[in-house]
Amino acid sequence: MVSITGDAGEPAAAPRGGRARTGSWPAAVPLLAFTALAFGIPAVALVLGAFTVRDPQTGVSGFGTSNLVESLRGNYLSTLVSSVQLSAVVALLGAVLGAFLAQAVVTSRFRTLRESVLTASGVLANFGGVPLAFTWVATLGNSGVLTQALGLGEYGWSLYTFWGLVIVYMYFSIPLMVLVMVPAMDGLRPQWREAAGNSGATAWQYWRHVGIPVLAPALLGGTVLLFGSAFAAYATARAMVGSTVPLVTLQIADALTGDVLIGHENIALALSLDMIVVAGLVMAVYLPLQRRSSRWLR
């Protein structure tokens, strides 16, 4: 038997990815402990509350699925469907417009324009909540500056509708898509386009057989990321539309605070569990696509 040794007769170093890396896992213990405290305990409390059923007559609590069943009926189901529809529309529109804007940035010869757009996208992608709602209400609300200046109210314009909320959500969705797509488009090698041109391929054939297949994981991953971002948004919708547009996040807040719904706290937890399931499905699609698209960024 031949042993692998170094110059001094000692065993050679372990290969990359072998046992040499196993000693570094204790460094992740603080992060794992923090994650367990910050997310694990609330998740357990949410699941227990969602499956806890209280008898209104006797006041005795027990485990059951009636809260989950109720969360998928009537008005609760309508708010969940409305949130999914809103998120889907925002994700599709934001993905298309963001991809075209990212393409314009990547192909631009002006470095200042690229840096300016990326910097603005980084800021706007994190701009939301009450400040975002106030900005749009002051601009395009019933008494907004542009609404009064252009007389939009005479044409039936209203910001406090489903499509008005879509426009507001696009304000941070498009910049987020730009941040996702620019690195992926930078991964398109110029040699691929030159090779396609030398082979007689048109621009459409290049994008159909090379560009779009390469960018497909990033496109789909960015789309589901926009969906999750819009699906979980709360403060902007609360400050702008209130109960005008039925959304599951607003329904949960009403049930937990008892301002509108009293005694529905556990149903609110069941609705939260429904949202976690939807978000889990979204992330189950996004993570594999993200890993696949990362190969083109090297």
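The chain appears in an unreviewed UniProt entry as ABC transporter permease from Planobispora takensis. Taken directly from UniProt, the Subcellular location (unreviewed entry) text for the chain runs: "Cell membrane". According to the UniProt record, the Sequence similarities (unreviewed entry) comment for the chain reads "Belongs to the binding-protein-dependent transport system permease family. CysTW subfamily."

A few points about the UniProt feature "transmembrane region" (unreviewed entry) in the chain
Mapped onto this numbering, the UniProt entry gives "transmembrane region" (unreviewed entry) at residues 29-51, 84-105, 117-137, 157-182, 214-237 and 267-289. Taken end to end, residues 29-51 comprises 96% helix and 0% strand; its first and last C-alpha atoms sit 31 Å apart. The distance separating the terminal C-alpha atoms of residues 84-105 is 31 Å; by composition the span is 100% helix and 0% strand.

Digging into the pattern of salt bridges
When the charged atoms of two side chains with opposite charge come close together, those side chains can pair. Under the criterion given, the structure shown has 3 salt bridges. Measuring nitrogen to oxygen at the nearest pair gives 3.0 Å for the salt bridge that ties Glu115 to Arg111. With Glu115 and Arg111 both in helix α4 (residues 111-124) and 4 residues apart, this pair spans about one turn of that helix. With a closest N to O distance of 2.9 Å, Arg238 and Asp254 form a salt bridge. Placement of the pair is Arg238 in helix α10 (residues 235-240) and Asp254 in helix α11 (residues 248-257), with a sequence separation of 16 residues. A relative accessible area of 29% places Arg238 in the partly exposed class. Residue classification places Asp254 among the buried positions, given a relative accessible area of 14%.

Some remarks on the packing of aromatic side chains
Within the structure shown, the criterion is met by 6 aromatic pairs. Pairing Phe227 with Phe231 gives two aromatic rings, centres 5.8 Å apart and planes at 10°, and the pair type is stacked. Linking Phe227 with Phe231, this pair stays in helix α9 (residues 203-232), spanning 4 residues, or about one helical turn. Given a relative accessible area of 13%, Phe227 falls into the buried group. Here Phe231 falls in the buried class, since its relative accessible area comes to 5%. Counting every residue linked through ring pairs, the aromatic cluster contains Phe127, Trp136 and Tyr171.

Observations concerning the nonpolar core
Ranked by internal contacts, the top residues of the largest apolar core, which has 33 residues, are Met181, Leu215, Phe227, Phe231, Val248 and Ile252. Breaking this core down by element, the ones donating at least two residues are α3 (74-107), α7 (162-186), α9, α11 and α12 (265-293). The element contributing the most residues to this core is α9, with 8 residues. Sequence-distant contacts of Ile252, that is, excluding residues within four places in its chain, are made with Ala268, Leu271, Ser272 and Met275. Within the second largest apolar cluster, 22 residues are counted, among which are Trp136, Ala230, Ala233 and Leu250.

Comments concerning the layout of surface pockets
Roughly 300 Å³ of internal volume is contained in the largest pocket. Lining the largest pocket are 14 residues, with Val96, Ala99, Phe100, Met185 and Leu219 sitting closest to its centre. Secondary-structure elements contributing two or more residues to the lining of the largest pocket are α3, α7 and α9. Split into classes, the residues belonging to the lining of the largest pocket amount to 12 nonpolar, 2 polar and no charged.

A short note on the environment of His209
The residue His209 is located in helix α9 in this model. Owing to a relative accessible area of 54%, His209 belongs among the exposed residues under this scheme. On a C-alpha basis, the gap between His209 and Ala196 in space is 9.6 Å, while along the polypeptide they are 13 residues apart.

Things to note about the confidence of the model for the chain
Fine structural detail should not be taken from predicted coordinates in areas where pLDDT scores are low. Of all residues in the chain, 85% attain a pLDDT of 70 or more, and the chain-wide mean is 81. Predicted confidence for residues 1-14 stays below pLDDT 50, and this span has 8 contacts to residues more than four positions away or in other chains.

Points about empty space enclosed by the protein
Taken as a whole and judged by the stated rule, the model has 2 cavities of 30 Å³ or more. Put simply, the largest cavity is a space of about 40 Å³. Taken together, Ser83, Leu86, Ser87, Tyr169, Ala230, Phe231, Ala233, Leu247, Val248 and Thr249 make up the full set of residues lining the largest cavity. Within the residue set of the lining of the largest cavity, elements represented by two or more residues are α3, α9 and α11. In terms of residue count, α3 provides more of the lining of the largest cavity than any other element does, 3 residues in total. Residues belonging to the lining of the largest cavity are distributed by class as follows: 7 nonpolar, 3 polar and no charged.

Here is what the cut-offs are and how they apply
Residues numbered from 1 in each chain as written. Predicted model: local features only at pLDDT ≥ 70, side-chain atom pairs only at ≥ 80, totals over all residues. Heavy atoms only, no water. UniProt positions renumbered as here; feature names shortened; annotations may be inferred. Helix = DSSP H or I, 4+ residues; strand = E, 2+ residues; numbered from the N terminus. Salt bridge = Lys/Arg side-chain N within 4 Å of Asp/Glu carboxyl O. Buried < 20%, exposed > 50% of the residue type's maximum accessible area, 1.4 Å probe, protein only. Phe/Tyr/Trp six-rings, centres within 6.5 Å; stacked < 30°, edge-to-face > 60°. Core = buried A, V, L, I, M, F, W, Y, C linked by side-chain atoms within 4.5 Å. Contact = heavy atoms within 4.5 Å. 1 Å grid on protein atoms, 1.4 Å probe; cavity = no way out; pocket = protein on both sides within 12 Å on 5 of 7 lines; lining within 4 Å. Points joined across faces, edges and corners; volume = space filled by probe spheres on them. Nonpolar A, V, L, I, M, F, W, Y, C, P; charged D, E, K, R; others polar. pLDDT = per-residue confidence, 0-100.

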